[in-house]
Amino acid sequence: NAGVTQTPKFQVLKTGQSMTLQCAQDMNHNSMYWYRQDPGMGLRLIYYSASEGTTDKGEVPNGYNVSRLNKREFSLRLESAAPSQTSVYFCASRAQLVEKLFFGSGTQLSVL
Amino acid sequence: GQQLNQSPQSMFIQEGEDVSMNCTSSSIFNTWLWYKQDPGEGPVLLIALYKAGELTSNGRLTAQFGITRKDSFLNISASIPSDVGIYFCAGPQDRGSTLGRLYFGRGTQLTVWP
């Protein structure tokens, strides 16, 4: 099983450019999440989707949009990238009523 | 939101030494999770704790759910180089909630010298 797959692994953007981070899970999980990780800050929740067809804001949603395309896929979009969005982004998923999150291997994003 | 205070922020130890780290919260948690993140990878679940006072082991790792339900501890015995990484504590917003939002500590960076 691949688990949670994120693409791309690395990305460099110029300020103002847009891009979409892709995430797919093959574990038939209901809930999916996008986190960002900055040095010394731990993992902060950007957006989550409790089930197919629903999305909600997390702690740091500004500057991002998400789409739960189907049960497997949850994408994160930066419409106009800013240097403050330089970070490592992680997608995660979990089964319903189970607290354990399964993470992808991350996307290293640099905004110049 | 909830705040998890994890300490220490970093540790530099020699191979073979034991390691202890902890996580505290101002609120009660019903579940504590400990994750490890290897360099360049996503966090991986090490241990899950579900009851106050619970002591659970996973190989050389032992974690405890504090009696007050506001803290948790992770110990690593006889550290080896592959223990290097960032260790995170985490707790859910609501146990069994369909929302499943986890609050994460800021992590303990562990470095092991041969």
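Here the structure is a predicted model, which means the values were calculated and not measured.

1. Thoughts on the overall build of chain B
Within chain B one finds 0 helices and 11 strands. Going from N to C terminus, chain B has its helices and strands arranged as β-β-β-β-β-β-β-β-β-β-β. Relative to the compact-globule value of 13 Å for 114 residues, chain B shows a C-alpha radius of gyration of 14 Å, a close match. For chain B, the spread of C-alpha atoms along the principal axes amounts to about 40 × 30 × 20 Å. Counting only carbon and sulfur atoms, one obtains 49% of the accessible surface of chain B, whose full area is about 5300 Å². If you average the places of the 8 positive and of the 9 negative side-chain charges in chain B, the two averages end up 12 Å apart.

2. Some thoughts on the packing of aromatic side chains
Residues and elements named next belong to chain B. Within this structure, the stated rule accounts for 12 aromatic pairs over all chains. Ring geometry for Phe88 and Phe104: centres 6.2 Å apart, planes at 90 degrees, overall edge-to-face. Of this pair, Phe88 sits in strand β9 (residues 85–92) while Phe104 sits in strand β10 (residues 102–104), and the two are 16 residues apart along the sequence. The burial state of Phe88 is the same as that of Phe104; both residues are buried.

3. Things to note about the interface of chain B and chain A
As a measure of interface size, the accessible area lost when the parts come together is often cited. Facing 25 residues of chain B, the contacting portion of chain A comprises 25 residues. Of the roughly 2000 Å² buried at the junction of chain B and chain A (both faces included), carbon and sulfur atoms supply 56%. Taken together, the links from chain B to chain A amount to 0 salt bridges. The tally of links from chain B across to chain A stands at 3 residue pairs in polar contact (both at pLDDT 80 or more).

4. Overview of the sheet that holds strand β3 (residues 19–25) of chain A
All names here are of chain A. Strand order in the open sheet made by the 4 strands is β1-β3-β8-β7, with antiparallel pairing throughout. Only two strands of the sheet have a single partner each, and these edge strands are β1 (4–7) and β7 (64–68). Going across the sheet, the axis of each strand differs from the next one's by a mean of 15 degrees, ignoring polarity. Where β7 and strand β8 (residues 74–78) come together, 5 bridges link them in antiparallel fashion. Looking across to β8, one finds that Val66 is bridged to Leu76.

5. Looking at unusual backbone geometry
Cis geometry is adopted by the peptide bond preceding A:Pro8, which originates at A:Thr7 and carries an omega value of -5 degrees. Within the element layout of this structure, A:Pro8 appears in the loop between β1 and β2 (10–13). A cis amide bond, omega 0 degrees, links B:Ser7 with the succeeding residue B:Pro8. Secondary-structure assignment places B:Pro8 in the loop between β1 (4–7) and β2 (10–14). With a phi close to 60 degrees, A:Asn28 is a non-glycine residue in the positive phi region. Inspection of the secondary structure assignment puts A:Asn28 in the loop between β3 and β4 (31–38). Its identity as a non-glycine residue notwithstanding, B:Arg69 has a phi of 70 degrees, on the positive side. Mapped onto the elements of the fold, B:Arg69 is located in the loop between β7 (61–65) and β8 (71–76).

What counts and what doesn't
Residues numbered from 1 in each chain as written. Chains lettered and ligands numbered in written order. Predicted model: local features only at pLDDT ≥ 70, side-chain atom pairs only at ≥ 80, totals over all residues. Heavy atoms only, no water. Helix = DSSP H or I, 4+ residues; strand = E, 2+ residues; numbered from the N terminus. Rg over C-alpha atoms; globule rule 2.2 N^0.38 Å. Areas by Shrake-Rupley, 256 points an atom, 1.4 Å probe, with all protein chains shown as cover. Lys, Arg positive; Asp, Glu negative; His and termini not counted. Charge placed at Lys NZ, Arg CZ, Asp CG, Glu CD. Phe/Tyr/Trp six-rings, centres within 6.5 Å; stacked < 30°, edge-to-face > 60°. Buried < 20%, exposed > 50% of the residue type's maximum accessible area, 1.4 Å probe, protein only. Contact = heavy atoms within 4.5 Å. Buried area = accessible area lost by both parts, 1.4 Å probe. Salt bridge = Lys/Arg side-chain N within 4 Å of Asp/Glu carboxyl O. Polar contact = N/O pair within 3.5 Å; in protein donor to acceptor, adjacent residues only side chain to side chain. Pairing = 2+ DSSP bridges. Axes fitted to C-alpha atoms, helices over the stretch in contact; angles between N-to-C directions.

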